[in-house]
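# Chain and residue survey
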Amino acid sequence: MFRKLPGPKGYPPILGLALELPFLSNAELLPYIKKQVITGYDRLGAVWLMGLPGAFVNSPEDIEVVLSSMKYIEKGQEYNLIRPWLQEGLLVSSGQKWHSRRKLLTPTFHFKILEDKSRTMYQNAKLFVDKLLEKNGKPFDPFMKISRCTLDIICESAMGVALNSQNDGSADYVALIGRVTRDIVYRVVNTQHFSEVVWQLTKKGYQNSKDIEAVHDFTQMIITERRQLYEKEKKETLSEEDFGIKKRKAFLDSMLELDISNQAKMTDSDIREEVDTFLFEGHDTTAALILFLLFELGHHQDIQELAYQEQYEIFGDDTREATLNDIQQMTYLERVIKECLRLYPSVPWMSRTLNDDLTLKGLPTIPAGANIMILPIFLHRNPKYYPDPEKFDPDRFLPEECAKRHPFAYIPFSAGPRNCIGQKFAMLEIKTTISTLLRFAKVNSITKRSEVNLVPLVILRPDKPIYISVTPRT
Ligand code: HEM
């Protein structure tokens, strides 16, 4: 059945691309995948990968069939490599567990909660811009500064813990996540390390389990700190709930409350897997995007100027904090961010395991058990949907332009039942950060666009540091 599907021929079953992948550098991975299963495969490119039959689904119409169905919500086999770290957290879990957790956690990112958090976001963004300005216009790689800022934002607003890593300069967790995600991709490419038993016998595997242990210690420290604070606050304040007013709780508090009140069986490890998931998804995705935003704005001074003009129309010369109402008025900045997410989708690779046969109109059936891969990075750069795709052009996201495209031609936050739960949080955070940067500083890119290769290290990254310079806006 699998052989009848369109895809590159001449690769043996089971081994498939595993014969060539280990010989590629990380920077060669995306061009290789593009050549093998994207170019010339408008709808589908089928090939064995990771010892499994795999199908890359490339057209918006077919992507819609997969992503919008409740039938295909189980994550692909490569997500098993994330389990030692994120266990059964929301990103990886499936079935009833995923369903009940999603229902439990969705309200914790409600609009009202975000409104409460916009102040935290602004204060961290302002500190971030001040830190960039400390470089006095000299070229530097801003990635660590960005990551500390997004980590502080997610910690303070979702976990209720002020981490202050921007001030104390700590970056252990960020470096650990960098290594853990790199190892996951290493194991996808080197299929012989797919098995946990084999992996644990290697030197790299040993170091990886030490890294994961250190990440878990960090998240446990956050949970313990918040638990103490939460219990203290609960004792000290006559909460509004005592008067029958149900208050929405932010992410970690809502799980602690369930644990304390025994309403749901949330064990310590249940809480930790979600904290691990949200801390990672909540800081690394946004950090990656902010890096690419600085890079593109630094290359397109005209677009930076238009985005600044919008800020000036909203704030004038006033240096006050940005409010949620201000942020909602930033329609040009929103288009800039959407265009950046088109070219640099923070999650460049998604996949599903088929529990059931999948038939896409007019194509042979894809058998149950196959891995379905969807790569926004190539979909978003397909000239069929985005003419002159490498050009950075925010006007692609004018409402009239969006109306001309298939809704599934743009999926930076995925779509359907397993879409990104944090997308509103992410947009608010990114808009707040870039708005604050534009109001108080100007950015220039030192690294050339042609020097940047993209690598899919779970999160999309440049293969080498990107250098920028930042000067005060006078
Ligand atoms: C630029 C920022 C972000 C992008 C581009 C992004 C993108 C995505 C994508 C594509 C998925 C689907 C992944 C898959 O199917 O494997 C996803 C899922 C998820 N995201 Fe985000 N994300 C972003 C920010 C955030 C933030 C800020 C949070 C948390 C506050 C978050 C939490 C999650 C979680 C928990 C899931 C799993 C949802 C589920 O399966 O039910 N993300 N994200």
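Residues numbered from 1 in each chain as written. Predicted model: local features only at pLDDT ≥ 70, side-chain atom pairs only at ≥ 80, totals over all residues. Heavy atoms only, no water.

## What to know about the overall build of the protein
The secondary structure content of the protein amounts to 18 helices and eight strands. Here the C-alpha radius of gyration of the protein, 23 Å, is about what a compact globule of 474 residues would show, namely 23 Å. If one aligns the C-alpha atoms of the protein with their principal axes, the spans along those axes are about 65 × 55 × 45 Å. Across the 474 residues of the protein, 55% fall into the buried class. Relative to all contacts within the protein whose residues are 6 or more apart in sequence, the contacts with residues 24 or more apart total 75%. Summed over its atoms, the accessible surface of the protein is roughly 20800 Å², and 54% of this surface lies on carbon and sulfur atoms. (Helix = DSSP H or I, 4+ residues; strand = E, 2+ residues; numbered from the N terminus. Rg over C-alpha atoms; globule rule 2.2 N^0.38 Å. Buried < 20%, exposed > 50% of the residue type's maximum accessible area, 1.4 Å probe, protein only. Contact = heavy atoms within 4.5 Å. Areas by Shrake-Rupley, 256 points an atom, 1.4 Å probe, with all protein chains shown as cover.)

## Focus on the side chain of Ser435
Along the chain, the position of Ser435 falls in helix H18 (residues 423-440). A distance of 2.9 Å separates polar atoms of two side chains, one belonging to Ser435 and the other to Gln311. Residue contacts for Ser435: discarding those within four places in its chain leaves Gln311, Phe315, Met330 and Leu333. (Polar contact = N/O pair within 3.5 Å; in protein donor to acceptor, adjacent residues only side chain to side chain.)

## Some remarks on the environment of Ile421
Relative to the elements of secondary structure, Ile421 occurs in the loop between helix H17 (399-404) and H18. Placed 312 residues apart in sequence, Ile421 and Phe109 show a C-alpha to C-alpha distance of 7.6 Å. Aside from chain neighbours lying at most four places away, what touches Ile421 is Leu90, Arg102, Leu105, Thr106, Phe109 and Phe278.

## Some remarks on the nonpolar core
By size, the foremost hydrophobic cluster in this structure holds 152 residues, and its most contacted members are Trp85, Phe251 and Ile366. Per-element tally for this core: the top contributor is helix H12 (residues 268-299), with 15 residues. With residues up to four places along the chain from it excluded, the contact list for Ile366 reads Leu5, Leu44, Ala55, Leu354, Asp357, Leu358, Leu360 and Ile372. (Core = buried A, V, L, I, M, F, W, Y, C linked by side-chain atoms within 4.5 Å.)

## Some details on the coordination of the iron atom of the ligand
Ideal values for angles at a metal depend on the geometry: 109.5 degrees with four tetrahedral donors, 90 or 180 degrees with six octahedral donors. Protein coordination of the iron atom of the ligand is limited to a single donor, Cys420 (SG), positioned at 2.3 Å. Looking at the element boundaries, Cys420 is found in the loop between H17 and H18. (Donors = N, O, S within 2.8 Å, 3.2 Å for Na, K, Ca; no water.)

## Some details on the site of the ligand
Among the 30 residues in the neighbourhood of the ligand, the closest are listed as Tyr79, Trp98, Arg102, Glu281 and Cys420. Trp98 places a side-chain nitrogen or oxygen 2.8 Å from an oxygen atom of the ligand. Mapped onto the shell around the ligand, the elements with two or more residues apiece are helix H4 (95-105), H12, strand E3 (350-353) and H18. Here the residues of the shell around the ligand are counted per class, giving 17 nonpolar, eight polar and five charged. (Near = heavy atom within 4 Å. Nonpolar A, V, L, I, M, F, W, Y, C, P; charged D, E, K, R; others polar.)

## Structural notes on the environment of Pro394
Of note, Pro394 is situated in the loop between helix H16 (376-379) and H17. For Pro394, a relative accessible area of 3% puts it in the buried group. When the C-alpha atoms of Pro394 and Cys340 are compared, they prove to be 8.2 Å apart, with 54 residues separating the residues in sequence. Not counting the four nearest positions on each side in its chain, Pro394 is found in contact with Ile303, Tyr332, Arg335, Val336 and Glu339.

## Describing the pattern of salt bridges
Counted under the stated rule, the structure contains 29 salt bridges. The partner of Asp356 in a salt bridge is Lys71, with the nearest N and O atoms 3.7 Å apart. Here the residue Asp356 occupies a position in the loop between E3 and strand E4 (371-374), and Lys71 occupies one in the loop between helix H2 (60-67) and helix H3 (83-86), the gap between them amounting to 285 residues. With relative accessibility at 36%, the residue Asp356 sits in the partly exposed group. On the basis of relative accessible area, Lys71 is assigned to the partly exposed category, the value being 43%. (Salt bridge = Lys/Arg side-chain N within 4 Å of Asp/Glu carboxyl O.)

## A word on the environment of Ala370
Mapped onto the secondary structure, Ala370 falls in the loop between E3 and E4. Once the C-alpha coordinates of Ala370 and Trp48 are considered, the two residues, 322 residues apart in sequence, prove to be 9.2 Å apart. Residue contacts for Ala370: discarding those within four places in its chain leaves Pro53, Arg352, Thr353 and Leu354.

## A look at H18
Here H18 spans 26 Å end to end across 18 residues, near enough to the 26 Å set by a 1.5 Å rise per residue. Counted residue by residue, H18 has 16 buried out of 18 residues, so it is predominantly covered. (Expected span 1.5 Å × (residues − 1).)

## Quick word on the sheet that holds E3
Ordered by their spatial adjacency, four strands build an open sheet running E1-E2-E4-E3, and the pairing between neighbours is mixed. With one partner strand each, in any of the chains shown, strand E1 (44-49) and E3 form the two edges of the open sheet. Sheet twist, expressed as the average angle between the axes of neighbouring strands with direction ignored, equals 25 degrees. As judged from the three bridges shared by strand E2 (residues 52-57) and E4, these two strands associate in the parallel manner. Note on E4: the bridge partner recorded for Phe56 is Met373. The sheet contacts of H2 involve E2, E3 and E4, and relative to E4 the element is tilted by about 125 degrees. (Pairing = 2+ DSSP bridges. Axes fitted to C-alpha atoms, helices over the stretch in contact; angles between N-to-C directions.)

## Let's talk about the side chain of Arg227
With respect to the helices and strands, the residue Arg227 is situated in helix H10 (residues 203-236). If we ignore the near neighbours within four places in the chain, the residues touching Arg227 are Leu256, Asp259, Ile260, Asp268 and Ile271.

## Overview of the packing of helix H13 (residues 301-315) against helix H15 (residues 331-343)
In the contact formed by H13 and H15, the axes pass within 8 Å of each other and the chain directions differ by 145 degrees. Within the contact between the two elements, H13 uses Ile303, Leu306, Ala307, Glu310 and Gln311 and H15 uses Thr331, Tyr332, Leu333 and Val336. Each residue belonging to the contact of H13 with H15 can be placed in one class, and the counts come to six nonpolar, two polar and one charged.

## Considerations on H13
With 15 residues, H13 extends 20 Å between its outermost C-alpha atoms, agreeing within 8% with the 21 Å of an ideal straight helix rising 1.5 Å per residue. Of all the positions in H13, only Ile303, Gln304, Ala307, Tyr308, Glu310, Gln311, Ile314 and Phe315 are classed as buried. Looking straight down H13, one finds that the buried residues subtend no more than 150 degrees of arc, so they occupy a single side. Facing away from the buried surface of H13 by more than 90 degrees, the exposed residues are Asp302 and Glu313. On its buried face, H13 sits against H12, helix H14 (324-328), H15, H18 and strand E5 (441-445). Gly316 occupies a position one or two residues after H13 and carries a positive phi of about 55 degrees. (Arc of directions from axis to C-beta.)

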